Amino acid sequence: MSVLRVLHLVGSAVSDFYCNLSRLFAENCLRNTANSALYEFHIAYISPDGQWRFPTSLDPSAIAAANPMSLAGAVQVLTQLKIDVMVPQMFCIPGMTQYRSLFDMLSIPYVGNSAELMALVADKAKTKAVVAAAGVRVPRGEVVRAGDRLSIDLPIVLKPLYGDNSLGVTLVKNAADYDVALQTALTHSDEVLVEKFIELGREVRCGIIVQAGDLVCLPLQEYPVDPDTQPIRSYADKLQQNDDGSLGCSTKNTTKPWAVDKSDPITERVWAQARKCHIALGCRDYSLFDFRIDPDGQPWFLEAGLFCSFAEISVLSAMAKASGISLDTFFETMLQNALQGRSGTTNGATSNINSGSTAMMVER
């Protein structure tokens, strides 16, 4: 059995924030999936100046010691390394789109969803339109720019049209607070998605893994929200900036997300909606969707997060663990999906959708 040469694509050509976010999750992945009998890990690190580096680790000193080079130089290195498969670890929009496209051009397979799909889901309004056309409930919404008049009744939620980790997201219940909320969102995006607020309820995430053409729904993850004290999840609930400028997972809430029991009536309802989203969007390998559950128990689609860093702290990793799937097995299975000519894509998937599978077997 040959050892796979696996490249982790890390960093950001956009900002230090996205560089640090990428490094936080990629370090965790490297630490928890390293297996010299199976993999030979390599790192490509992109900095906000557009330079590439190939450090021996993600320690800041190793990154600083690595030789910076242009894209042309990086392509030469990638060719020499003879990479078998790439794991995307970049959170910024260029990292999820342009840099994935580069590996398409180099004919290097990569884990996860295509550059074209990532470009689509970067636009929250377009993503909503696609899943709504498939029969999934979505909150009423509209895209606004600076100076536009609002036509949706309060309460509303404002979100940057392009963005992640709840940056710039605000719940507005009073008209006097709208202008400030709009300006906050506009600092992260030129356009803002305004949605009708869906009363709680509950808030859950649903993950799907593609296995041998089947859509395997994982246990739902429920988030600690409260109608009075925490009606929506914010950036502060997800990430925190440490004193040294580095990023870490937030410790604001002592109550962590928990796995929803499969017997809970909401599970099958959300699974059914998540499958529709996965198929409508044309996802491959895996998918992840946020749903708001209204007081009547009906799921409403909020967002698609079609990304996984395979860190122990990643949402899909936690969901897989709750389903009895180890991180090692999850990671190896997704690598094999990428290597086997995309046999697990929706376009080639069978109609046998298995929502109850709790184990994955990989033959090597």
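Scroll up a little and you will see the structure.
Heads up: these notes are all about the structure in this document. Note that the structure is predicted; figures quoted are calculated from it, not measured. (Residues numbered from 1 in each chain as written. Predicted model: local features only at pLDDT ≥ 70, side-chain atom pairs only at ≥ 80, totals over all residues. Heavy atoms only, no water.)

Quick notes on the sheet that holds strand β4 (residues 85-88)
Then, in step 1: Within the open sheet, the 4 strands sit side by side as β3-β2-β1-β4. Their pairing is mixed. Looking along the sheet, the strands with just one partner apiece sit at the ends: β3 (52-53) and β4.
Then, in step 2: Strand direction decides the pairing type here: strand β1 (residues 4-11) and β4, joined by 4 bridges, are parallel. Across the sheet, His 8 pairs through a bridge with Val 87, a residue of β4. (Pairing = 2+ DSSP bridges. Helix = DSSP H or I, 4+ residues; strand = E, 2+ residues; numbered from the N terminus.)

Quick look at the packing of helix α1 (residues 16-33) against helix α11 (residues 327-339)
Then, in step 1: Running from N to C, α1 and α11 cross one another at 105°; their axes reach a closest spacing of 10 Å. With respect to α11, the element α1 is oriented roughly perpendicular. Together, Cys 29, Asn 32 and Thr 33 of α1 and Leu 327, Asp 328 and Phe 331 of α11 make up the contact between the two elements. (Axes fitted to C-alpha atoms, helices over the stretch in contact; angles between N-to-C directions. Parallel < 35°, antiparallel > 145°, perpendicular 65-115°, else oblique. Contact = heavy atoms within 4.5 Å.)

Considerations on the pairing of strand β16 (residues 299-304)
Then, in step 1: Where strand β15 (residues 286-293) and β16 come together, 5 bridges link them in antiparallel fashion. Residue Ile 293 lies in a different strand from β16, and its bridge partner there is Pro 299.
Then, in step 2: The turn linking β15 back onto β16 is made up of 5 residues, and Gly 297 within it adopts a positive phi angle of 85°.

Here we look at the side chain of His 8
Then, in step 1: Checked against the element boundaries, His 8 lands in strand β1.
Then, in step 2: In this structure the side chain of His 8 is engaged in a polar contact, spanning 3.2 Å, whose partner is the side chain of Gln 89.
Then, in step 3: When neighbours within four sequence positions are excluded, His 8 is seen to be in contact with Cys 29, Leu 30, Phe 41, His 42, Ile 43, Ala 44, Val 87, Gln 89 and Phe 331. (Polar contact = N/O pair within 3.5 Å; in protein donor to acceptor, adjacent residues only side chain to side chain.)

Let's talk about the sheet that holds strand β5 (residues 141-144)
Then, in step 1: On the basis of which strands lie adjacent, the open sheet formed by 4 strands has the order β5-β8-β6-β7 and antiparallel pairing. Only two strands of the sheet have a single partner each, and these edge strands are β5 and β7 (170-172). Adjacent strand axes in the sheet meet at a mean angle of 25° when their direction is disregarded.
Then, in step 2: Sheet analysis places β5 next to strand β8 (residues 192-196), joined by 4 bridges and oriented antiparallel. When the sheet's bridge partners are listed, Val 143 is paired in β8 with Leu 193.
Then, in step 3: The sheet contacts of helix α7 (residues 124-133) involve β5, β6 (156-160) and β8, and relative to β8 the element is tilted by about 45°.
Then, in step 4: Sheet strands in contact with helix α8 (residues 178-186) are β5, β6, β7 and β8, and its direction is about 25° off that of β6.

Quick word on the pattern of salt bridges
Then, in step 1: This model, assessed by the stated rule, comprises 10 salt bridges.
Then, in step 2: Between Glu 195 and Lys 128 there is a salt bridge, with its nearest N and O atoms 3.1 Å apart. Separated by 67 residues along the polypeptide, Glu 195 in strand β8 and Lys 128 in helix α7 bring together distant segments of the chain. Neither residue differs from the other here; Glu 195 and Lys 128 are each classed as buried.
Then, in step 3: Salt-bridge contacts for Arg 205 lead to Asp 290; the nearest nitrogen and oxygen are separated by 2.4 Å. Of the two residues, Arg 205 sits in strand β9 (residues 202-211) while Asp 290 sits in strand β15, which places them 85 residues apart along the sequence.
Then, in step 4: Through salt bridges with shared partners, one network takes in Lys 128, Lys 159, Glu 195 and Glu 303. (Salt bridge = Lys/Arg side-chain N within 4 Å of Asp/Glu carboxyl O. Buried < 20%, exposed > 50% of the residue type's maximum accessible area, 1.4 Å probe, protein only.)

Side note on the side chain of Arg 53
Then, in step 1: Looking at where Arg 53 falls in the secondary structure, it is placed in strand β3.
Then, in step 2: Although buried, Arg 53 forms no salt bridge, and the nearest oppositely charged side chain, Asp 49, lies 4.7 Å from it.
Then, in step 3: A distance of 3.2 Å separates polar atoms of two side chains, one belonging to Arg 53 and the other to Ser 47.
Then, in step 4: The residues touching Arg 53, leaving out its near neighbours within four places in the chain, are Ile 43, Ala 44, Tyr 45, Ser 47, Ile 63, Ala 66, Asn 67 and Pro 68. (Lys, Arg positive; Asp, Glu negative; His and termini not counted.)

A few points about the environment of Val 194
Then, in step 1: Position of Val 194 among the secondary structure elements: in strand β8.
Then, in step 2: Residue class for Val 194 comes out buried when judged on its relative accessible area of 0%.
Then, in step 3: Residues Val 194 and Leu 161, 33 residues apart in the sequence, show an inter-C-alpha distance of 8.9 Å.
Then, in step 4: Apart from residues no more than four positions distant in its own chain, Val 194 is found in contact with Arg 140, Gly 141, Glu 142, Val 144, Leu 150, Ile 152, Ile 156, Val 157 and Leu 158.

Some remarks on the pairing of β15
Then, in step 1: Within β15, 8 of the 8 residues are buried, which leaves the element mostly enclosed by the surrounding structure.
Then, in step 2: Side chains Tyr 286, Leu 288, Asp 290 and Arg 292 project from β15 onto one buried face, and the interleaved Ser 287, Phe 289, Phe 291 and Ile 293 project onto a second face that is buried too.

With respect to the packing of aromatic side chains
Then, in step 1: Counted according to the given criterion, the structure contains 13 aromatic pairs.
Then, in step 2: Seen in terms of ring centroids, Phe 41 and Phe 331 are 6.2 Å apart; in terms of plane orientation they differ by 85°. Their pairing is edge-to-face. Of the two residues, Phe 41 sits in strand β2 (residues 39-46) while Phe 331 sits in helix α11, which places them 290 residues apart along the sequence.
Then, in step 3: Judged by its relative accessible area of 23%, Phe 41 is partly exposed.
Then, in step 4: Centroid distance Phe 310 to Phe 330: 5.1 Å. Interplanar angle 50°. Geometry classified as tilted. You can see Phe 310 sitting in the loop between β16 and α10 (315-322) and its partner Phe 330 sitting in helix α11, a full 20 residues away along the chain. The two residues Phe 310 and Phe 330 agree in class, both being buried.
Then, in step 5: An aromatic cluster of three or more residues is present, and its members are Tyr 39, Phe 41, Tyr 286, Phe 310, Phe 330 and Phe 331. (Phe/Tyr/Trp six-rings, centres within 6.5 Å; stacked < 30°, edge-to-face > 60°.)

So far we have only geometry, and geometry alone does not tell us how the molecule works.
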